[in-house]
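# Residue-level structural notes
Each chain, letter by letter, is given below.
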Amino acid sequence: MSDIKVEGFKASEILAALAEVFSNYSDQEKKSQIKKTNGIFEMRVKNAEGKEAVWTIDLKSTGSVYKGAPKSKPNVTIIMSDETFTQLAEGKLDGQKAFMSGKLKTKGNMMFATKLDGILKAAKTKAKL
């Protein structure tokens, strides 16, 4: 799963942990998560140096996390800083507050973006992020 990690991005550690949680799900858990979410998130994260990295959380077909742009059209693209993503994953920042304050931007289905919070929380309890 280290192919998910990108040097200089704290988000990559969190997404690698999320990928590990997904890979350890039983088929039943994976199907349940896919049924509940039914969509694809494209995560565009900028670090302090201004470099951008892209990851995909596919909870429509594969139930996986991978580095790079989605293989099919995402339901939503979420654009934020590495710091904002880290705070969201740690539960220190609410997604809606981040959006309202301009720390998080979306393209596509904005309401679908709210599902990310639940995915991060579920993974956090499993992985102890």
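Residues numbered from 1 in each chain as written. Predicted model: local features only at pLDDT ≥ 70, side-chain atom pairs only at ≥ 80, totals over all residues. Heavy atoms only, no water.

## With respect to helix α3 (residues 82–89)
Among the 8 residues of α3, 6 are classified as buried, and the element is accordingly described as predominantly covered. The set of residues buried in α3 consists of Asp82, Thr84, Phe85, Thr86, Leu88 and Ala89. Of the residues trailing α3, glycine 91 is marked for its positive phi of about 80 degrees. (Buried < 20%, exposed > 50% of the residue type's maximum accessible area, 1.4 Å probe, protein only. Helix = DSSP H or I, 4+ residues; strand = E, 2+ residues; numbered from the N terminus.)

## Considering the pattern of salt bridges
Applying the stated criterion across every chain yields a total of 6 salt bridges. Note that glutamate 42 is salt-bridged to arginine 44, the shortest N-O span being 2.9 Å. One continuous salt-bridge network, built from bridges that share partners, spans Glu42, Arg44 and Glu52. (Salt bridge = Lys/Arg side-chain N within 4 Å of Asp/Glu carboxyl O.)

## Thoughts on the side chain of glutamine 33
Mapped onto the elements, glutamine 33 comes out in helix α2 (residues 27–37). Judged by its relative accessible area of 7%, glutamine 33 is buried. Once residues within four sequence positions are removed from consideration, glutamine 33 is found in contact with Tyr25, Asn38, Leu59 and Ile119. (Contact = heavy atoms within 4.5 Å.)

These figures come from the coordinates and say nothing about function on their own.
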